[in-house]
Amino acid sequence: MEKYDYLIVGSGLFGSTFAHQATAKGRRCLVIDKRSHTGGNIYCEDISGINVHKYGAHIFHTNSKEVWEFVNGLVDFNRYTNCPIANYNGKLFNLPFNMNTYHQMWGVRTPLEAQSKIDEQRAEVLAMLDGHTPSNLEEQALSLVGRDIYRCLIKEYTEKQWGRKCTDLPAFIIKRLPVRMVYDNNYFNDRYQGIPIGGYNRLTEALLKGVDVHTDTDFFLSPYHEWRNFAQRLVYTGPLDQYFDYSLGRLDWRTVYFRTRVVDTPNFQGNAVVNYTSCQQPYTRIIEHKHFETFGNDVYKNPQTVVSEEYSTEYKPGMEQYYPVNDDKNNSMAEQYRAMAASEPDVIFGGRLAQYRYYDMAPVIEEVLKMSIP
Ligand code: FAD
Ligand code: UDP
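The structure presented is a predicted model; accordingly, all values stated were derived computationally and were not measured. (Residues numbered from 1 in each chain as written. Chains lettered and ligands numbered in written order. Predicted model: local features only at pLDDT ≥ 70, side-chain atom pairs only at ≥ 80, totals over all residues. Heavy atoms only, no water.)

**A closer look at the pattern of salt bridges**
Under the criterion given, the structure shown has 16 salt bridges. Here Arg254 and Glu314 are joined by a salt bridge, their closest N and O atoms 2.8 Å apart. In this pair, Arg254 is assigned in strand S11 (residues 253-263) and Glu314 in strand S14 (residues 305-314), connecting sequence segments 60 residues apart. According to the relative accessible area criterion, Arg254 is buried, its value standing at 6%. Two residues, Lys301 and Asp298, come together in a salt bridge whose shortest N-O distance is 3.2 Å. (Salt bridge = Lys/Arg side-chain N within 4 Å of Asp/Glu carboxyl O. Helix = DSSP H or I, 4+ residues; strand = E, 2+ residues; numbered from the N terminus. Buried < 20%, exposed > 50% of the residue type's maximum accessible area, 1.4 Å probe, protein only.)

Laid out in structure tokens, this is it:
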């Protein structure tokens, strides 16, 4: 039987990038995936001529020149810049919190006026905290932006998204949201940002060029489970706990699901991302996919559009595993599994499922680029 240097379980960004790099070094790789397609969560489905982000909106952004040059060496990227809009009971605000938001909220025009309004709004909670660091998300948000923004743009959205009260959530979740005193609606601070022209599948195809791939093949339910019969080494990007047959218990996940529909109008909401920050709507946001790849009046060239309502919910077996749960129970179980993984000879555990860590796309690529591949 033909033997590979690497059997790679999972054709997501980690598995595909690893396969690309190993192949470039002359290693022979076989990639398997239990899904019927490659690409993992960056996969796009063509509906009505529009690339639909099937597993949630994906915007590529990075500060790393090396990563940006690597992906642009494979596919060209467009100029998409993420500028989400928030809809609070019909009133619209720009995100992230910046001078446009403060103007829409309070009518202020200068950074000085905005700062004095924010300071007035924060005074109450800062007095209550009396120098102590915020102990939960509510205190953190109130001390960052004050009560009006917290009430209209944070509280109900966050409680929908996490299914828990803001007072029961850790402060760090909100810390990464930019708060700016300039008129700038770009959601990310990174130097490079965009979407592959023609969609993410082009990136996956370029990464997997010349690599043997079997889809519809579950590692645990196929002969490949006895991987030493097929390859010298294993790259595993599936769930960490499953590899060890859940011997320490199951790790929890937070998940989202999507209601996707075709609408007979060329331009449904005028923007790729609209967050619904009130609890009046059960979904957290609506994605209109064509705006990731068509700009200006080009959106009218296709008379239809595709929109996805995004709902946040508790994970149950059988659902997609999206966000690791950062609580003490899961963190300590994951640590124990990671220790077991570290003592597995010839197995590389990579990516968000096998490391039980939330990773954006660029850091996944960066990690593979830094690896020395034997
Ligand atoms: P995955 O893409 O999950 O790939 C793992 C693959 O392994 C899957 O294809 C799966 O089918 C396969 N697999 C699992 N078990 C088995 C098995 N037993 N046998 C065979 N195959 C198996 N990042 C950004 O940079 N920008 C964004 O805007 C962004 N938005 C996101 C939105 C959502 C809703 C989510 C969940 C993530 C988002 N990300 C974003 C993160 C991005 O999706 C990840 O960085 C990336 O998908 C990680 O790739 P991966 O290979 O680790 O995992
Ligand atoms: N958030 C919010 N209102 C918004 C968008 C985000 O309150 O309109 C909060 C929410 O708590 C969320 C956190 O900011 O969990 C981080 O949001 P981000 O968009 O960075 O993360 P994502 O939703 O993509 O995981």
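**Details of the nonpolar core**
By size, the foremost hydrophobic cluster in this structure holds 41 residues, and its most contacted members are Phe18 and Phe60. Secondary-structure elements contributing two or more residues to this core are strand S1 (4-9), helix H1 (13-24), strand S2 (29-32), helix H2 (65-72), helix H8 (200-207) and helix H12 (361-370). Looking at this core, the element that brings in the most residues is H12, giving six residues. Those residues in contact with Phe18 that lie beyond four places of it in its chain are Tyr6, Ile8, Val235, Ile348, Val368, Met371 and Ile373. (Core = buried A, V, L, I, M, F, W, Y, C linked by side-chain atoms within 4.5 Å. Contact = heavy atoms within 4.5 Å.)

**Considerations on the site of ligand 1**
Inspection of the region around ligand 1 gives 31 residues, with Asp33, His58, Ile59, Tyr359 and Met361 positioned closest. Ala57 is positioned such that a nitrogen or oxygen atom in its backbone is 3.0 Å from a nitrogen atom of ligand 1. Within the contact set of ligand 1, an oxygen atom lies 2.8 Å away from a backbone nitrogen or oxygen of Ile59. Here ligand 1, which alone exposes 1000 Å², has 97% of that area covered by the protein. Of all elements in the fold, only H1, helix H11 (351-355) and H12 reach the threshold of two or more residues within the shell around ligand 1. When residues of the shell around ligand 1 are assigned to their parent elements, the largest contribution, three residues, is made by H11. (Near = heavy atom within 4 Å. Polar contact = N/O pair within 3.5 Å; in protein donor to acceptor, adjacent residues only side chain to side chain. Areas by Shrake-Rupley, 256 points an atom, 1.4 Å probe, with all protein chains shown as cover.)

**Concerning the site of ligand 2**
Close to ligand 2 lie 14 residues; Leu153, Thr158, Gln161, Tyr187 and Asn275 are nearest. Between ligand 2 and the protein, one listed contact pairs an oxygen atom with a side-chain N or O atom of Thr158 at 2.8 Å. At a separation of 2.9 Å, an oxygen atom of ligand 2 approaches a polar side-chain atom of Asn275. Relative to its unbound accessible area of 520 Å², ligand 2 is 90% covered by the protein chains. Broken down by secondary-structure element, the contributors of at least two residues to the shell around ligand 2 are helix H6 (147-162) and helix H7 (172-175). It is H6 that contributes the most residues to the shell around ligand 2, six residues altogether.

**So, the packing of aromatic side chains**
With the rule as written, the count across this model stands at 23 aromatic pairs. Here the aromatic rings of Tyr224 and Phe230 are separated by 4.6 Å at their centres, their planes lie at 55°, and the arrangement is tilted. Of the two residues, Tyr224 and Phe230, both sit in the buried class. These aromatic residues form a ring-pair network of at least three members: Phe219, Phe220, Tyr236, Tyr243, Phe244, Tyr337 and Phe349. Positioned above the aromatic ring of Tyr55 is the side chain of Arg35, whose terminal nitrogen or guanidinium carbon lies 4.0 Å from the ring centre. Lying across the ring of Tyr311, Arg259 places its NZ or CZ 5.0 Å from the centre. (Phe/Tyr/Trp six-rings, centres within 6.5 Å; stacked < 30°, edge-to-face > 60°. Lys NZ or Arg CZ within 6 Å of the ring centre and 35° of its normal.)

**Structural notes on the environment of Asn82**
Within the element layout of this structure, Asn82 appears in the loop between H2 and strand S6 (85-88). Assessed through its relative accessible area of 5%, Asn82 is described here as buried. Remark: the alpha-carbon pair of Asn82 and Ile59, spanning 23 residues in sequence, is separated by 7.4 Å. If we ignore the near neighbours within four places in the chain, the residues touching Asn82 are Ile59, Asn185, Asn186, Tyr187, Phe188, Gln193 and Val273. There is a polar contact of 2.7 Å between the side chain of Asn82 and the side chain of Tyr80.

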